[in-house]
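# Working through the structure, step by step
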Amino acid sequence: MELTREEESALKGEQGETMQTAYRILVATGEATDAEKLIPIEWAHLSGVNYNTIGDAGEEFLSSISKDARVKVKTSLNPMGFDIDNVSNYNLEDNFISKQLSIKQSYETMGVIPSFSCIPYEIFDIPKEGTQVSFAESNAAIHANSFDNLKTNKESAFSALASALTGKSPYSSLRKETSSKLTIQMKVENPNELTYGMLGFFAGKVGNESVNISGIGQMDRRSCKSLCGGMGTSGTCAKFNFNEDDQESEKIDFDEAEMGKVYDELNTCEKGDLITLGSPQLGLEEISDLAVRLKGRSFKKRCMIFCPRAVKEQATKLGHRNKLEKAGCEILSDCCTCLTPLIKKEEVDGVTTNSIKGAYYLKNSNGVNVNLKSLSEIIKDETK
Amino acid sequence: MKKTLVKGKVKGTILKSQNPINFLGTMDKKTGIINDEYHDLFKKSVKDTILVFPYGIGSSVGAYTIYSIKSNNSAPLAMICKKVDLTVATGCALANIPLVTITEEEFSSLENGKEILLDTESSSPITFFE
């Protein structure tokens with residue numbers, strides 16, 4: 001990889017230890033992905049926030065680096081482990097809370113916007129078409145590439161952090177013009193958001209870098225997010241193309257049989273003790289839609305709703321939150337279904353959700369059973 | 001040699017594994033000891049060795065484990081792999097541990113317990129001592 005004189009100097013340590021570490025990460029990532037050079041990026045979105053995932057080693061690293069590291073570009077942040085407004089309701093250990101707050105403090109010291117959201121594309125303005133960004137959260141990277149006309153690779157927590165500190169990323173893979181080698185032909189009729197989540201999960205397994213999808217009509221925002229969340233969970237793919245007529249690529253069908261396989265892999269029980277909505281977190285549009293659909297109804301069991309703090313505040317002002325709470329929902333900001341410490345297998349046997357991403361992590365990380373249902377089915381079966 | 005991921009020059013003794021290493025799941029971050037009984041380095045410490053193994057596996061958070069073993073003075077002096085993976089690459093970058101990838105033939109030629117000099121900037125990066 002070619003470096004400019006200034007980049008070489010940073011790599012040698014002439015601009016301090018933090019910049020040297022950041023450039024070492026960019027060079028290692030660049031060499032690993034066959035990048036030819038570093039290019040400027042305008043926005044970084046960091047993962048590696050939840051104490052549940054980064055542990056003591058991550059907490060110690062961030063605490064140490066935050067002494068002098070400062071971000072150079074706009075930098076937003078993934079969810080953490082809890083919502084400080086209601087954490088006392090969830091019986092979390094004091095050690096977890098203090099370590100999580102230390103992580104939060106380290107990022108804020110570095111100048112990161114404490115957005116605690118996995119849907120930066122819904123709460124921030126989208127830069128102009130073709131802008132290079134560096135997103136570590138997989139669903140956000142896929143959404144940025146596929147629906148927002150931005151360019152990013154599926155960054156790691158470390159490459160995105162290094163990009164935030166330097167304002168640069170290795171120029172490789174999806175940052176260049178690419179075409180998909182594989183087209184998935186959507187053959188399932190009358191899809192809902194759960195269907196799209198399973199399509200995404202299937203696409204992540206069979207695709208590599210990017211996939212083309214044909215045969216899908218208009219998707220609403222909920223379905224787009226579900227598609228991105230599903231794909232980010234199962235593979236390394238980070239972009240959908242939507243060309244109806246791609247002659248060159250290999251073709252593969254996503255039909256009822258393939259969908260059945262994904263369903264059987266992730267659906268492990270027929271009934272949940274509680275419901276979760278949001279992974280990816282819900283945006284204002286979904287919250288408002290939910291408030292309308294729940295009018296005059298209430299949940300028969302606990303229903304946890306995860307959204308960004310910015311959305312919770314707007315939903316409060318607009319009166320949606322009050323309606324949802326009346327219908328029995330618990331609204332949590334700053335955290336998400338996926339990798340939450342708030343759902344423990346000692347307390348919960350099964351969770352009902354419409355999220356493929358949530359299902360995967362509930363099953364594999366939290367060790368609880370999952371009952372998959374679309375939002376319409378959840379409202380029909382679980383409210384009165 | 002195929003690629004230099006993290007530069008450096010060190011002399012040390014090879015600790016070689018035929019198995020991939022999952023840093024997050026199987027390495028004690030204080031001692032650098034591998035605690036997976038099915039691994040061929042079970043109960044061995046990677047501390048101050050030149051660690052030769054095929055590639056890393058598992059969560060990218062494993063990069064923080066590599067940083068931890070370095071902070072606890074239990075890290076290898078260098079790592080040599082057959083295949084590059086982002087967890088090991090970013091972990092070595094965080095911890096400033098030299099990392100290179102090598103060919104299958106070179107991998108076969110590196111024997112456990114042998115002393116070598118690794119200098120990533122040299123035209124012949126690996127020197128054997130008899």
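Residues numbered from 1 in each chain as written. Chains lettered and ligands numbered in written order. Predicted model: local features only at pLDDT ≥ 70, side-chain atom pairs only at ≥ 80, totals over all residues.

Attention now moves to the packing of helix 3 (residues 51-65) of chain A against helix 4 (residues 94-109) of chain A. Residue and element names in this part refer to chain A. Running from amino to carboxyl end, helix 3 crosses helix 4 at an angle of 55 degrees, the nearest separation of the two axes being 9 Å. The angle between the axes of helix 3 and helix 4 places the two elements in the oblique class. Once helix 3 is placed against helix 4, the crossing between them reads as left-handed. Contact residues: helix 3 offers Y51, E59, L62 and S63, while helix 4 offers F96, K99, Q100, S102, I103, S106 and Y107. Taken together, the residues of the contact of helix 3 with helix 4 break down into five nonpolar, four polar and two charged. (Axes fitted to C-alpha atoms, helices over the stretch in contact; angles between N-to-C directions. Helix = DSSP H or I, 4+ residues; strand = E, 2+ residues; numbered from the N terminus. Parallel < 35°, antiparallel > 145°, perpendicular 65-115°, else oblique. Left-handed = near helix turned anticlockwise from the far one by under 90°. Contact = placed C-beta atoms within 7 Å. Nonpolar A, V, L, I, M, F, W, Y, C, P; charged D, E, K, R; others polar.)

The next subject is the sheet that holds strand 7 (residues 126-128) of chain B. Residues and elements named next belong to chain B. With mixed pairing, seven strands are arranged side by side in an open sheet as 1-5-4-3-2-6-7. Each of the sheet's edge strands pairs with one partner strand only, and the pair in question is strand 1 (3-6) and strand 7. Strand-to-strand twist of the sheet, defined as the mean angle between neighbouring strand axes without regard to direction, takes the value 30 degrees. Pairing analysis gives three bridges linking strand 1 to strand 5 (residues 99-101), with the strands arranged antiparallel. Residue pairing across strands places K3 opposite T101, the latter belonging to strand 5. Against the sheet, helix 3 (residues 86-95) engages strand 1, strand 4 (78-81) and strand 5, with an angle of about 50 degrees to strand 1. (Pairing = 2+ DSSP bridges.)

Bringing the packing of helix 2 (residues 17-32) of chain A against helix 7 (residues 157-166) of chain A into the picture now. All names here are of chain A. Close contact between helix 2 and helix 7 brings their axes to 9 Å; oriented N to C, the two are set at 130 degrees. For the element pair helix 2 / helix 7, the angle class is oblique. In the crossing of helix 2 with helix 7, the sense of the turn from one axis to the other is left-handed. Taken together, the residues of helix 7 that come into contact with helix 2 (itself represented by T18, A22, Y23, I25, L26 and T29) are F158, S159, A162, L165 and T166. By residue class, the composition of the contact of helix 2 with helix 7 is seven nonpolar, four polar and no charged.

Another point: the domain arrangement of chain A. Residues and elements named next belong to chain A. When cut into domains, chain A gives domain 1 (5-175), domain 2 (182-265) and domain 3 (267-382). Centre-to-centre, using C-alpha coordinates, domain 1 lies 27 Å away from domain 3. In this complex, domain 1 contributes 21 residues to the contact, which on the side of domain 3 involves 17 residues. Only helix 3 and helix 5 (120-123) provide two or more residues apiece to the side of domain 1 that touches domain 3. (Domains from an automatic or database assignment.)

Counting residues in hydrophobic clusters, the biggest one holds 145 residues, and the most contacted among them are A:L46, A:I305, B:A89 and B:C92. Sort the elements by how many residues they give to this core and helix 2 of chain A lands first, with eight residues. Apart from residues no more than four positions distant in its own chain, B:C92 is found in contact with A:A28, B:L5, B:V6, B:I66, B:M79, B:I97 and B:L99. (Core = buried A, V, L, I, M, F, W, Y, C linked by C-beta atoms within 7 Å. Buried ≥ 20, exposed ≤ 12 C-beta atoms within 10 Å, placed from the backbone.)

On to the sheet that holds strand 9 (residues 250-254) of chain A, then. Residue and element names in this part refer to chain A. Read from one edge to the other, the open sheet built from four strands follows the order 8-7-6-9, with strand pairing classed as parallel. Each of the sheet's edge strands pairs with one partner strand only, and the pair in question is strand 8 (240-241) and strand 9. Strand direction decides the pairing type here: strand 7 (residues 211-214) and strand 8, joined by two bridges, are parallel. Bridge pairing links N212 to N241 in strand 8.

The interface of chain A with chain B comprises 16 residues on the first partner and 20 residues on the second. Every element with two or more residues in the side of chain A that touches chain B is listed here: helix 2, helix 3 and helix 7 of chain A. Here the element with the most residues in the side of chain A that touches chain B is helix 2 of chain A; it accounts for seven residues. In terms of residue class, the side of chain A that touches chain B is made up of eight nonpolar, six polar and two charged.

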